[in-house]
Amino acid sequence: GKKFLLMVPGNYGEDFLSRYPQVDTSLAVKCSNYVGAVLEMAAEMGFEGILFVAHIGKFIKVSGGIMNTHSQEGDCRMELITSSALSAGADADTARQILSCVTTEEAVNVLKKAGLCEKTMELIMQKIMFYLNKRAAGKIAVACILYSNEHGGLGESAGAAELLARLKEEKR
């Protein structure tokens, strides 16, 4: 009977959700790597909206249009972060530092040190939402909260607060 889904790719998402006491984390559904398939299935099943709560390491791939986020399907995490960082004003040295990172957590550290994290995350969120909405094709409302284990919330799309409120209402 639910109309809205709270979607997390994995356990980290559930842990991060503990920061939102109004959200019943037991309602979170794990989608693993199958972001695109989840959007299509949820629309087919008649859901009205999905709120994704995702770690940057997983959803940075979505910012490049990769809807199956398994590393076998594509792993261009640092290239995607670097692209957005350059658009946000990063210099060549910062770009090289990001490209040499092994994890997205390290890349966020580089962005923070360079004073570019907020602007870069805004651009990344725009791209994530572009591709989520493209895949949803207007059949279902979509929003996203992006986080880092080390730094907490990194970005929140338009509509995320509304979907959180709707999830809270459905909890009752």
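Residues numbered from 1 in each chain as written. Predicted model: local features only at pLDDT ≥ 70, side-chain atom pairs only at ≥ 80, totals over all residues. Heavy atoms only, no water.

With reference to specific residues and values, describe the nonpolar core.
Counting 41 residues, the largest nonpolar core has Ile50, Phe52, Phe59, Ile81, Met121, Ile128 and Leu132 as its most contacted members. Secondary structure elements with two or more residues in this core: β1 (4–8), α2 (35–44), β3 (49–55), α3 (56–59), α4 (77–87), α6 (104–114), α7 (117–136) and β4 (141–148). With eight residues, α7 is the largest single contributor of residues to this core. Once you skip the residues sitting within four places of it in the chain, isoleucine 50 turns out to touch Leu5, Met7, Val38, Leu39, Ala42, Ile140, Ala141, Val142, Ala143 and Leu163. Counting 17 residues, the second-largest nonpolar core is a separate cluster that includes Phe16, Leu51, Val53 and Tyr147. (Core = buried A, V, L, I, M, F, W, Y, C linked by side-chain atoms within 4.5 Å. Buried < 20%, exposed > 50% of the residue type's maximum accessible area, 1.4 Å probe, protein only. Helix = DSSP H or I, 4+ residues; strand = E, 2+ residues; numbered from the N terminus. Contact = heavy atoms within 4.5 Å.)

Residue-level account of the packing of α6 against α7, with values.
With their axes 8 Å apart at the nearest point, α6 and α7 run at an angle of 125° to one another. Here α7 runs oblique to α6, going by the angle between their axes. The segment α6 lies against α7, with Val108, Leu111 and Lys112 engaging Cys117, Thr120 and Met121. In terms of residue class, the contact of α6 with α7 is built from four nonpolar, one polar and one charged. (Axes fitted to C-alpha atoms, helices over the stretch in contact; angles between N-to-C directions. Parallel < 35°, antiparallel > 145°, perpendicular 65-115°, else oblique. Nonpolar A, V, L, I, M, F, W, Y, C, P; charged D, E, K, R; others polar.)

Residue-level account of the sheet that holds strand β2 (residues 28–30), with values.
Two strands in a sheet stick together by hydrogen bonds in their backbones, pointing the same way (parallel) or opposite ways (antiparallel). In space, the five strands of this open sheet follow the order β2-β1-β3-β4-β5, with mixed pairing throughout. Unpaired on one side and paired on the other, β2 and β5 (152–156) mark the two borders of the sheet. With direction set aside, neighbouring strand axes in the sheet form an average angle of 30°. Of the pairings in the sheet, the one linking β4 to β5 comprises four bridges and is antiparallel in character. Each bridged residue has a counterpart across the sheet, and for leucine 146 the counterpart in β5 is glycine 155. The strands touched by α7 within the sheet are β3, β4 and β5, with β4 carrying the most contacts at an inclination of about 145°. (Pairing = 2+ DSSP bridges.)

Before we move on, can you summarise the environment of alanine 43 with the specific residues and values?
As for its placement among the helices and strands, alanine 43 is situated in helix α2. On a C-alpha basis, the gap between alanine 43 and alanine 136 in space is 7.6 Å, while along the polypeptide they are 93 residues apart. In contact with alanine 43, other than residues within four places in its own chain, are Lys139 and Ile140.

Could you give me a rundown of the packing of aromatic side chains, with the residues and numbers involved?
The tally for this structure, following the rule as stated, stands at three aromatic pairs. A ring pair is formed by phenylalanine 16 and tyrosine 147, whose centres lie 4.4 Å apart and whose planes are at 5°; its orientation type is stacked. Highlighted residues: phenylalanine 16 in helix α1 (residues 11–17) and tyrosine 147 in strand β4, separated in sequence by 131 residues. Ring centres of phenylalanine 130 and tyrosine 131 lie 4.9 Å apart, and the angle between their planes is 85°; this geometry places the pair in the edge-to-face category. (Phe/Tyr/Trp six-rings, centres within 6.5 Å; stacked < 30°, edge-to-face > 60°.)

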